Amino acid sequence: MKSLVVQKYGGTSVGDVQKIMHVADKIIELRKNGKDVIVILSAMSGETNRLVGLAHSITPTPNQREMDRLLCTGEMVTIALLAICLENQGYPAISLTGRQMGILTDSSYTKAKIKEINSDVIQKYLDAGKVVVAAGFQGIDETGNVTTLGRGGSDTSAVAIAAAMKASICEIYTDVDGVYTADPRIIKEARRIDRISYEEMLELASLGAKVLHSRSVEFGLKYNVPILVKSTFKEGGGTLVTKEDSSMEDIVVSGLSCLKEQAKVKFIDVKDKPGIAATIFSSIADKNIVVDMIIQNVGSDGLTDLSFTIDAADVDSIKPTLQEISTSIDAEYSIDSNISKVSVVGAGMRSHSGIASKMFKELGKSGINIQMISTSEIKISIVVNKNDTDRAMQVLHDCFELGKS
Ligand code: ADP
Ligand code: ASP
Ligand code: MG
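As the structure is a computational prediction, the values presented were derived from the model and not from experiment.

### Comments concerning the sheet that holds strand β11 (residues 227-231)
So, point 1. As summarised here, the arrangement of the eight strands in space is β3-β6-β2-β1-β9-β11-β12-β10, forming an open sheet in which the pairing is mixed. Whereas interior strands pair on both sides, the edge strands pair on one side only; in this sheet they are β3 (93-96) and β10 (195-197). Ignoring strand direction, the axes of neighbouring strands in this sheet form an average angle of 20 degrees.
So, point 2. Against the sheet, helix α6 (residues 154-164) contacts β1 (4-9), β2 (36-41), β6 (131-135), β9 (170-174) and β11, and its axis sits at roughly 155 degrees relative to β2.
So, point 3. The strands that helix α7 (residues 198-206) touches are β10 and β12 (239-242); relative to β10, the one it contacts most, it runs at about 85 degrees.

Dropping the structure here:
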């Protein structure tokens, strides 16, 4: 059996025809070396945003099924263009949509989860000597409707396909040469990390490090597929996302991330009695909206305040539910969209103490107010005023000396 290479190229890597030709050259190189190749593509950079903009110019709350029908078109263009490039140079290739590959998902439009992949279809084309050019980001649900996997979801398509095809590694090509200690666009001294554990990467990705879609890391962890993040445009470098080993625990803080598109919801003077939290959060969960950082203040006079964060994108759709809850529990609510979440992540936090106190002290010295705090075994997240985000990132990057190797 030939060895199989699975590579994913993101939006900037296929941003125009010249760049798609460059990707074709890289694939031809692999074919010359006798490899089987599956390549997963995103839409051209900016295209998915353009499509979202079109729908939003009609209504802020477009029908979600139709949204997915619209958004999946971006990837259709790039896969066809790459297959045309390869065929034109004498390398047999076939572009395949999510439906053709049997990428079965649930029906949560715009944030669907992959349930199953039919590896037979892809295998058939590989056996026929073709390069398989797969559309990232898309699938179909049980009734055949097109679904998409959430913004950045092509990474997840790639790792899921690599797992289904039993590839030994999944390579993700993008516009940076690896995973950095913080977004290099925010922190100029950010340093590339050579190896990082799935668990740490999962925290960084779900807390805002856009370089990998968090579900892709979950797939990597679940099916033990190492993920190699590399630059499309520059040789060398790279970050391997892999199983944790003992050397990784020596590093207390591995990286920082931030989420700017957040909002804080606060219910004021809620009755401090059993069942209230269940009423609030079950109504929100029924709408498929994810909440995070739930904080309830110590009650006095039988009343308490309850706050939590949501994605800013869910603000419009959550409002009717908040109004219903407000009426049913007889408590007012407010929404603050001028916040962001900043997180410090590191496997070494399991065995080292004092990280939180150091973090809070440095932020205090810089006059940055912390509005909410939440922790897990390997991360500490805080909510700050949106205007303080980049400064908080810089203060924390400096205080944990992340720029030093
Ligand atoms: P693609 O279109 O290839 O999927 P993305 O824009 O989704 O690329 O992800 C790459 C971007 O992620 C980088 O340009 C960088 O600004 C951003 N990013 C955020 N956090 C990090 C990080 N910790 N390390 C590297 N890049 C990061
Ligand atoms: N094209 C989709 C997006 O822009 C998916 C991806 O690029 O991963 O979110
Ligand atoms: Mg991406």
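### A short note on the pattern of salt bridges
So, point 1. In the structure shown here, the tally under the stated rule is 21 salt bridges.
So, point 2. Between Arg192 and Asp177 there is a salt bridge, with the nearest N and O atoms lying 4.0 Å from each other. Of this pair, Arg192 sits in the loop between β9 and β10 while Asp177 sits in the loop between β9 and β10, and the two are 15 residues apart along the sequence.
So, point 3. Since its relative accessible area comes to 25%, Arg192 is described here as partly exposed.
So, point 4. The salt bridge involving Arg195 is made with Asp245; its shortest N-O contact spans 2.8 Å. Note that Arg195 is positioned in strand β10 and Asp245 in the loop between β12 and β13 (255-271), a separation of 50 residues in sequence.
So, point 5. Judged by relative accessible area, which is 40%, Arg195 ranks as partly exposed.

### Some thoughts on the site of ligand 2
So, point 1. Around ligand 2, the neighbouring residues are Ser42, Ala43, Thr48, Glu75, Phe137, Arg151, Gly152, Gly153 and Ser154.
So, point 2. Glu75 places a polar side-chain atom, nitrogen or oxygen, 2.7 Å from a nitrogen atom of ligand 2.
So, point 3. Separating an oxygen atom of ligand 2 from a backbone N or O atom of Gly152 is a distance of 2.8 Å.
So, point 4. Here ligand 2, which alone exposes 260 Å², has 87% of that area covered by the protein.
So, point 5. Within the shell around ligand 2, the residues separate by chemical class into two nonpolar, five polar and two charged.

### Description of the state of the cysteines
So, point 1. Within the structure shown, the criterion is met by zero disulfides.
So, point 2. Cys399 carries a free sulfur, and the closest cysteine sulfur to it, the one in Cys258, is 16 Å from it.

### With respect to the site of ligand 1
So, point 1. Around ligand 1, a shell composed of 16 residues is seen, among which Thr174, Asp175, Tyr180, Asp183 and Arg185 lie nearest.
So, point 2. Lys8 has a polar side-chain atom sitting 3.1 Å from an oxygen atom of ligand 1.
So, point 3. Here an oxygen atom of ligand 1 and a side-chain polar atom of Asp175 are 2.9 Å apart.
So, point 4. When ligand 1 is considered free in solution it has 570 Å² of accessible area, and contact with the protein chains removes 91% of it.
So, point 5. For the shell around ligand 1, the class distribution of residues is seven nonpolar, four polar and five charged.

### Let's talk about the packing of α7 against helix α8 (residues 214-223)
So, point 1. Relative to each other, α7 and α8 sit at 165 degrees, their axes nearing to 8 Å. Considering the angle they form, α7 stands roughly antiparallel to α8. By crossing handedness, the relation of α7 to α8 is classed as left-handed. Each of Tyr198, Glu199, Met201, Leu202, Ala205 and Ser206 in α7 lies in contact with α8, whose residues at this interface are Ser214, Val217, Glu218, Gly220 and Leu221.
So, point 2. Across the contact of α7 with α8, the residue classes tally to six nonpolar, three polar and two charged.

### A few points about the nonpolar core
So, point 1. Formed by 42 residues in total, the largest nonpolar core has its most connected members in Ile38, Ile122, Ile161, Cys170, Met201, Leu212 and Val241.
So, point 2. No other element matches the six residues that α6 contributes to this core.
So, point 3. Every residue in contact with Ile161, bar those within four places of it in the chain, is listed here: Ile38, Ile40, Met101, Ile103, Ile117, Ile122 and Ala134.
So, point 4. Residues Ala190, Val344, Met349 and Leu396 belong to the second largest nonpolar core, which totals 24 residues.

### Brief notes about the sheet that holds strand β17 (residues 372-376)
Neighbouring strands of a sheet are bound in pairs by backbone hydrogen bonds; such pairs are parallel or else antiparallel.
So, point 1. Taken together, the six strands give an open sheet; going across it, the order is β14-β15-β13-β16-β18-β17, and neighbouring strands pair in antiparallel fashion. Of all strands in the sheet, those with a lone pairing partner are β14 (292-296) and β17, marking the two edges. Pairs of neighbouring strands in the sheet enclose a mean axial angle of 25 degrees, with direction left out of account.
So, point 2. Pairing analysis gives eleven bridges linking β13 to strand β16 (residues 332-345), with the strands arranged antiparallel. If you follow Ser257 over to β16, its bridge partner there is Ser343.
So, point 3. Here helix α10 (residues 315-329) sits on the sheet in contact with β13, β15 (303-311) and β16, set at roughly 125 degrees to β16.
So, point 4. With respect to the sheet, helix α12 (residues 389-399) is in contact with β13, β16 and β18 (379-385), its orientation differing from that of β13 by roughly 120 degrees.

### Here's the deal with the packing of helix α11 (residues 355-365) against α12
A pair of packed helices is captured by two measures, namely the crossing angle of their axes and the spacing between those axes.
So, point 1. Two elements in contact, α11 and α12, have axes separated by 10 Å at closest approach and are oriented at 125 degrees. Compared by their axis directions, α11 and α12 come out oblique. Viewed along their axes, α11 and α12 form a crossing whose handedness is right-handed. For the pair α11 and α12, the contacting residues are Lys358, Met359, Glu362 and Leu363 in the first and Ala392, Val395, Leu396 and Cys399 in the second.

### Section: the side chain of Glu200
So, point 1. Checked against the element boundaries, Glu200 lands in helix α7.
So, point 2. We note that Glu200 is buried and unpaired, the nearest opposite charge coming from Arg350 at a distance of 7.6 Å.
So, point 3. Glu200 has contacts with Ser254, Val345, Gly346, Ala347 and Ile378, leaving out every residue within four places of it along the chain.

Criteria and cut-off values
Residues numbered from 1 in each chain as written. Chains lettered and ligands numbered in written order. Predicted model: local features only at pLDDT ≥ 70, side-chain atom pairs only at ≥ 80, totals over all residues. Heavy atoms only, no water. Pairing = 2+ DSSP bridges. Helix = DSSP H or I, 4+ residues; strand = E, 2+ residues; numbered from the N terminus. Axes fitted to C-alpha atoms, helices over the stretch in contact; angles between N-to-C directions. Contact = heavy atoms within 4.5 Å. Salt bridge = Lys/Arg side-chain N within 4 Å of Asp/Glu carboxyl O. Buried < 20%, exposed > 50% of the residue type's maximum accessible area, 1.4 Å probe, protein only. Near = heavy atom within 4 Å. Polar contact = N/O pair within 3.5 Å; in protein donor to acceptor, adjacent residues only side chain to side chain. Areas by Shrake-Rupley, 256 points an atom, 1.4 Å probe, with all protein chains shown as cover. Nonpolar A, V, L, I, M, F, W, Y, C, P; charged D, E, K, R; others polar. Disulfide = S-S within 2.5 Å. Parallel < 35°, antiparallel > 145°, perpendicular 65-115°, else oblique. Left-handed = near helix turned anticlockwise from the far one by under 90°. Core = buried A, V, L, I, M, F, W, Y, C linked by side-chain atoms within 4.5 Å. Lys, Arg positive; Asp, Glu negative; His and termini not counted.

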